[in-house]
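Structural characterization, general
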Amino acid sequence: MRLVVLIIAAVLVVGAGLAIIRSMWGMRAPLARGATSGTETLWLVLPLLMSVALVAWTAWVMP
Amino acid sequence: MDRLGDAVSTAAADVATPGRGIVRDLITLTKPRIISLLLVTTVCAMFAAQQGVPSGWLILWTVIGGYLSAGGANTINQYVDRDIDAVMGRTERRPIVTGRISAGAALAFGVGLVIASVLVLGFLTTWLAAGLSLVGVLLYVGLYTLWLKRTTIHNIVIGGAAGAIPPLVGWAAVTGDLAFGAVLLFAIVFVWTPPHFWALALMLERDYDEAGVPMLPVVYGEQATRVQVLLWSVVMFGTTLLPYAAGAGVTYLVGAVVLGLPFLWMAGKLWRGDRDRPWAAITFHYSLAYLALLFVVVAVDAAA
């Protein structure tokens, strides 16, 4: 049961995370205020990398 | 007229009892309503850390220290943002903006609260809890308020880390260290922040635009923001399932699903742009109740 829930969580987090990066990445060009920079990319990718790492960590500690 | 009447009555009361007016303004600076939600996450994390009911005294000191810490951070935030607050309708009546409290006095009050919070948490709970609360203040004031808020659309995503610190403080107050469960609670608040704040930003888009704050709807528009609210809601829902996979009970799983599905449904209605109801406001208000109830479920599951 816990494995099934973990797989569902992983699909949701990774799937939506990739969709966020894809949608925000595509919108970088018409950015109205301020230029896109490496820092902006970091802010976009970092939280989602953390979420994926959390899923992996959960799999590691799962009873 | 009612609002004008209230203002006149309040002003008259302040003239009659100036001390009470100052005290009320100082309390207003701390933003007590926002802090109440932070403290719910703090106390419920204490139950999870204890895997039962923590001592009443420990809860009391942690709540007092947490209030002082968050109140100090909120006060310093209003000191820094007093130029923005003056041009936003929602904040133009705050004590510093109206001059009821001078900027310098507010800054001193905020710093004093932060120092007091470190002492209370350090001496009466654990020094890790005190250190974490100080990190939360530094993240909120330094990372969010001074840097990200005025420079990037990702301001509330990264800045959300500050609001996710209280569960860590609660956990550390009980155990003196941090376990994986504490990290999960931090992550839940962290990923809850974008859909919560962007729903609010959709309601206040004009205010943020006039103040020059690059919130997502101001820079990319409403539809792009609605998409992000939905996607982050999915990330949030998935993240709330992780504690069960990591060992939490069925009570938690049922609570997370029962509370999370309506959140997804509202975010979906918002994304579709349904005009039948004000879905941004509904999603925002539900998100507040959602986080509080989810953490209550965490506490109940741990104590059961």
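Just above sits the structure.
Report follows, based on the coordinates. Computed from a predicted structure; not experimentally measured.

Here the focus is the overall build of chain B. Assigned secondary structure in chain B consists of 16 helices and zero strands. Rg of the C-alpha trace for chain B: 20 Å, near the compact-globule value of 19 Å for 304 residues, within the 12% margin. Within chain B, the fraction of its 304 residues that count as buried is 58%. Considering only intrachain contacts with a sequence separation of at least 6, the fraction spanning at least 24 residues in chain B is 72%. Approximately 12,300 Å² of chain B is accessible, and the part contributed by carbon and sulfur atoms is 67%.

Residue and element names in this part refer to chain B. Residues other than glycine seldom take positive phi values, yet Lys-31 does so here, at roughly 55°. Within the fold, Lys-31 resides in the loop between helix 2 (18-29) and helix 3 (32-50). Residue classification places Lys-31 among the buried positions, given a relative accessible area of 13%. Unlike most non-glycine residues, Gln-51 shows phi in positive territory, near 55°.

Residues and elements named next belong to chain B. Mapped onto the elements, Gly-122 comes out in helix 7 (residues 103-124). With a relative accessible area of 4%, Gly-122 lands in the buried category. Along the chain, Gly-122 and Tyr-208 lie 86 residues apart, while their C-alpha atoms are 38 Å from each other. Setting aside its immediate chain neighbours within four residues, Gly-122 contacts Trp-127 and Ala-130.

Moving on, we come to the interface of chain A and chain B. Often, the extent of an interface is quoted as the loss of accessible area on bringing the components together. Between chain A and chain B, the residue contacts involve 33 residues of the former and 39 residues of the latter. Both sides together, the interface formed by chain A and chain B hides about 3,100 Å², and carbon and sulfur atoms give 78% of it. Linking chain A with chain B are three residue pairs in polar contact (both at pLDDT 80 or more). Elements with a contribution of two residues or more to the side of chain A that touches chain B: helix 1 (2-26) and helix 2 (38-61) of chain A. It is helix 1 of chain A that contributes the most residues to the side of chain A that touches chain B, 13 residues altogether.

This model, assessed by the stated rule, comprises two cavities of 30 Å³ or more. For the second largest cavity, the calculated volume is near 50 Å³. Of all the elements in the fold, those that place two or more residues in the lining of the second largest cavity are helix 1 and helix 2 of chain A together with helix 14 (222-245) of chain B. Across the lining of the second largest cavity, the residue classes tally to eight nonpolar, two polar and no charged.

Analysis parameters
Residues numbered from 1 in each chain as written. Chains lettered and ligands numbered in written order. Predicted model: local features only at pLDDT ≥ 70, side-chain atom pairs only at ≥ 80, totals over all residues. Heavy atoms only, no water. Helix = DSSP H or I, 4+ residues; strand = E, 2+ residues; numbered from the N terminus. Rg over C-alpha atoms; globule rule 2.2 N^0.38 Å. Buried < 20%, exposed > 50% of the residue type's maximum accessible area, 1.4 Å probe, protein only. Contact = heavy atoms within 4.5 Å. Areas by Shrake-Rupley, 256 points an atom, 1.4 Å probe, with all protein chains shown as cover. Buried area = accessible area lost by both parts, 1.4 Å probe. Polar contact = N/O pair within 3.5 Å; in protein donor to acceptor, adjacent residues only side chain to side chain. 1 Å grid on protein atoms, 1.4 Å probe; cavity = no way out; pocket = protein on both sides within 12 Å on 5 of 7 lines; lining within 4 Å. Points joined across faces, edges and corners; volume = space filled by probe spheres on them. Nonpolar A, V, L, I, M, F, W, Y, C, P; charged D, E, K, R; others polar.

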